[in-house]
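The residues making up each chain are set out below.
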Amino acid sequence: MANMLIPMEERHLTPEQVDQIDRRRRRGQLLLVIGFQTFLVGTLVTLWSGQDLTYSPGWIHPMAYWNAFLYLTSLVCFVAGIRLRRGLNEFFSY
């Protein structure tokens with residue numbers, strides 16, 4: 001009997017196509033991990049970012065820019081990771 005947990009479009013794939021899908025999903029998991037880690041680092045950098053915005057003159061706010069970059073990187077990695085992991089029925093792949 002066919003495995004009903006596998007989506008209909010993936011039931012008749014060749015082994016090479018299955019490997020390609022697995023690689024895509026592993027890459028998506030990697031991007032989710034990178035997104036989570038950059039989010040954590042961005043949360044820690046927020047303290048220095050607030051100090052930088054308070055005490056630095058003019059437009060010279062390197063920590064604030066670094067913090068914005070971390071959150072933007074986190075968002076991009078989360079979105080790309082979720083998109084690459086589509087079709088995966090498991091919560092954790094490993």
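Everything quoted here is computed from the prediction, not taken from an experiment.

Participant: Teacher, can you tell me more about the overall build of the protein chain here?
Facilitator: Helix and strand counts for the protein chain come out as two helices and zero strands. For 94 residues, the compact-globule formula gives about 12 Å, and the C-alpha radius of gyration of the protein chain, at 20 Å, lies well above that figure. If you line up the protein chain on its principal axes, its C-alpha atoms span 70 × 20 × 15 Å. In the protein chain, the share of contacts with a sequence separation of at least 24, taken over all contacts with a separation of at least 6, comes to 67%. Counting only carbon and sulfur atoms, one obtains 70% of the accessible surface of the protein chain, whose full area is about 7300 Å². Seen as two clouds, the 9 positive and the 7 negative side-chain charges of the protein chain have centres 2 Å apart.

Participant: Is there a simple way to explain the side chain of Thr 38 in this structure?
Facilitator: With respect to the helices, strands and loops of the structure, Thr 38 is situated in helix α1 (residues 15-55). In terms of polar contacts, Thr 38 uses its side chain to reach the backbone carbonyl oxygen of Gly 35, at 3.0 Å. Discounting residues that sit within four places of it in the chain, Thr 38 has contacts with Leu 70, Thr 73 and Ser 74.

Participant: Can you help me understand helix α2 (residues 62-84) in this one?
Facilitator: For an α-helix, 3.6 residues make a turn, and residues three or four places apart therefore share a direction. An ideal rise of 1.5 Å per residue puts 33 Å on 23 residues; α2 measures up with 32 Å between its terminal C-alpha atoms. Listed in full, the buried residues belonging to α2 are Ala 64, Asn 67, Leu 70, Ser 74, Cys 77, Gly 81 and Leu 84. Contacts from the buried residues of α2 go to α1.

Participant: Sorry, what's going on with a nonpolar patch on the surface here?
Facilitator: Taken together, the side chains of Leu 72, Leu 75, Val 76 and Val 79 make up a nonpolar region of the molecular surface, amounting to roughly 390 Å² of accessible area. Along the chain, Leu 72 falls in helix α2. Accessibility expressed as a relative area gives 52% for Leu 72, which makes it exposed.

Participant: What's the story with the environment of Pro 15 in this structure? I'm lost.
Facilitator: Inspection of the secondary structure puts Pro 15 in helix α1. Judged by relative accessible area, which is 58%, Pro 15 ranks as exposed. The sequence separation of Pro 15 and Val 76 amounts to 61 residues, and the corresponding C-alpha distance is 31 Å.

Participant: Mind showing me how you'd approach α1 here?
Facilitator: Along its 41 residues, α1 runs 59 Å from first to last C-alpha, staying within 8% of the 60 Å computed at 1.5 Å per residue. All buried positions along α1 are accounted for by Ile 21, Arg 24, Arg 25, Gly 28, Gln 29, Leu 32, Gly 35, Thr 38, Gly 42, Val 45, Ser 49 and Asp 52. Buried residues along α1 sit in contact with α2.

Participant: Quick question: what am I supposed to make of the packing of α1 against α2 here?
Facilitator: Packed helices, taken two at a time, are described by the angle their axes make and the gap between the axes. The contact between α1 and α2 brings their axes to 7 Å, and the two run at 160 degrees. Taken together, the axis directions place α1 and α2 in an arrangement best described as roughly antiparallel. The way α1 lies across α2 gives a crossing that is left-handed.

Reading the values: the criteria
Residues numbered from 1 in each chain as written. Predicted model: local features only at pLDDT ≥ 70, side-chain atom pairs only at ≥ 80, totals over all residues. Heavy atoms only, no water. Helix = DSSP H or I, 4+ residues; strand = E, 2+ residues; numbered from the N terminus. Rg over C-alpha atoms; globule rule 2.2 N^0.38 Å. Contact = heavy atoms within 4.5 Å. Areas by Shrake-Rupley, 256 points an atom, 1.4 Å probe, with all protein chains shown as cover. Lys, Arg positive; Asp, Glu negative; His and termini not counted. Charge placed at Lys NZ, Arg CZ, Asp CG, Glu CD. Polar contact = N/O pair within 3.5 Å; in protein donor to acceptor, adjacent residues only side chain to side chain. Expected span 1.5 Å × (residues − 1). Buried < 20%, exposed > 50% of the residue type's maximum accessible area, 1.4 Å probe, protein only. Patch = residues over 30% accessible without salt bridge, like charges linked within 9 Å, V, L, I, M, F, W, Y side chains within 5 Å. Salt bridge = Lys/Arg side-chain N within 4 Å of Asp/Glu carboxyl O. Axes fitted to C-alpha atoms, helices over the stretch in contact; angles between N-to-C directions. Parallel < 35°, antiparallel > 145°, perpendicular 65-115°, else oblique. Left-handed = near helix turned anticlockwise from the far one by under 90°.

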